[in-house]
Structure formats: structure tokens, C-alpha cells
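Residue-level listing of the chains:
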Amino acid sequence: MITLRIHPGAGLWLVPAAATVVRLRGELDLGTRETVRERLQRALQRSTGLLILDLSGVSFCDAAGLGVVVGVQHRARTLNIVIGLAAPRPHVAKVLRLTDLDRNFPMYGTIPGRGTGGVGSGPAAAC
């Protein structure tokens, strides 16, 4: 079980059954941003009103990776879809905290056994 550390003021909610969940794994960085962006855009097309990015498998995230997440959030808003983040590893949670992005996304706990399944490959993949 992953312990999610978030600073005061941020929330931690249970994932609704109707949410679409995309599990990300590997590095979310300059080298993978285009592939991940394309795959997340496709996930938006088949998403419910809530798309949750499960970050438990993300081993590294830099500014380019954060840019992908923020860009997808902007696109999602135009489609009336909310983007939530779930279970970031401690170092990714720290980056979210330092950039205040944890305050701009609903934060969720672990998501055992959930996901959209097989929509990615490569160093950082949506799967």
C-alpha cells in the first residue's frame, strides 16, 4: 500500500466507480512527453466526466512531464472532464507540492486493480 503525503489544504478522496483510470509508468519527461500527451488525449475521448491519472508507477517526472499533465487538464476542461491524480510516489508528490499543482488537481489514494489497460509502451507509458 502506498502512503500518499500531501500538504494541508489538499484533499484525498476515494475513486468513484464511474471514473476512467489511466495508469502511467516509467519516466514522464522531455523524452516521453509527446507519446504520453497523444495517449492521454485519446483517453480523454473515451473518458467519463472524471479521468484519473494513476501516478503510482511514475519513477520520475520533470517540468516537461508536468507540462503534459497541465496541458491535458486544460483540454479536459473544454470537454467538461475533471482530471485527478492518484498515488504519486514520494518524489513525484514532492514535485507536485513544490509547484502547487497538488492544489489544482483532486488527489486520490491507491487504485488497486483499476486501469484502462494496454494503451501504452515505452519508457513512460499510459497503460
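Residues numbered from 1 in each chain as written. Predicted model: local features only at pLDDT ≥ 70, side-chain atom pairs only at ≥ 80, totals over all residues. Heavy atoms only, no water.

Novice: It is not clear to me how the pairing of strand 3 (residues 82-86) should be interpreted in this structure. Could you clarify?
Specialist: The two faces of the sheet receive side chains in turn, since in a regular strand these alternate between them. Within strand 3, four of the five residues are buried, which leaves the element mostly enclosed by the surrounding structure. With five bridges connecting them, strand 2 (residues 50-61) and strand 3 associate as parallel partners. Note that in strand 3 the partner of Leu53 across the bridge is Leu85. Between the parallel pair strand 2 and strand 3, the chain is carried across by helix 2 (residues 63-78), and the sense of this crossover is right-handed. In this sheet, strand 4 (residues 107-108) lies alongside strand 3 in parallel orientation, the contact comprising two bridges. Residue pairing across strands places Leu85 opposite Met107, the latter belonging to strand 4. This β-α-β element, strand 3 to helix 3 (residues 90-98) to strand 4, shows right-handed connectivity. (Buried < 20%, exposed > 50% of the residue type's maximum accessible area, 1.4 Å probe, protein only. Helix = DSSP H or I, 4+ residues; strand = E, 2+ residues; numbered from the N terminus. Pairing = 2+ DSSP bridges. Right-handed = clockwise from strand over helix to strand, strands pointing away.)

Novice: I would appreciate a short explanation of the pattern of salt bridges in the present structure.
Specialist: Once the charged atoms of two side chains with opposite charge are near each other, the side chains can pair. This structure, assessed with the given rule, holds three salt bridges. Two residues, Arg33 and Glu34, come together in a salt bridge whose shortest N-O distance is 3.8 Å. Glu34 is the partner of Arg37 in a salt bridge, and the nearest nitrogen-oxygen pair spans 2.6 Å. In this pair, Arg37 and Glu34 are both assigned in helix 1 (residues 33-45), three residues apart and thus about one turn of the helix distant. Classification of Arg37 by relative accessible area gives partly exposed; the value is 27%. (Salt bridge = Lys/Arg side-chain N within 4 Å of Asp/Glu carboxyl O.)

Novice: Help me understand the confidence of the model for the chain in this model?
Specialist: Detailed conclusions should not be drawn from predicted coordinates in areas where pLDDT is low. Chain-level statistics for the chain give a pLDDT mean of 79 and a share of 72% at 70 or above. No element of the chain has a lower mean pLDDT than strand 5 (residues 124-126), at 43, and none a higher one than helix 2, at 96. Note on residues 1-11: pLDDT is under 50 here. Beyond four places in sequence and across chains, it has 19 contacts. Confidence drops under a pLDDT of 50 for residues 114-127, and excluding neighbours within four residues, the segment shows 49 contacts in the predicted structure. (pLDDT = per-residue confidence, 0-100. Contact = heavy atoms within 4.5 Å.)

Novice: Please clarify how the environment of Ala18 should be interpreted in this entry.
Specialist: Within the fold, Ala18 resides in the segment before strand 1 (20-28). In sequence terms Ala18 and Gly49 are 31 residues apart; their C-alpha atoms lie 8.4 Å from each other.

Novice: Is there a simple way to think about unusual backbone geometry in this case?
Specialist: Backbone phi values are negative for most residues with the exception of glycine, while trans is the configuration of most peptide bonds. Located in the positive-phi region is Asn80, a residue other than glycine, with phi close to 60 degrees. When you line up the elements, Asn80 lands in the loop between helix 2 and strand 3. Assessed through its relative accessible area of 69%, Asn80 is described here as exposed. Residue Ala87 is not a glycine yet carries a positive backbone phi of 50 degrees. Along the chain, Ala87 turns up in the loop between strand 3 and helix 3. The buried category is assigned to Ala87, whose relative accessible area is 2%.

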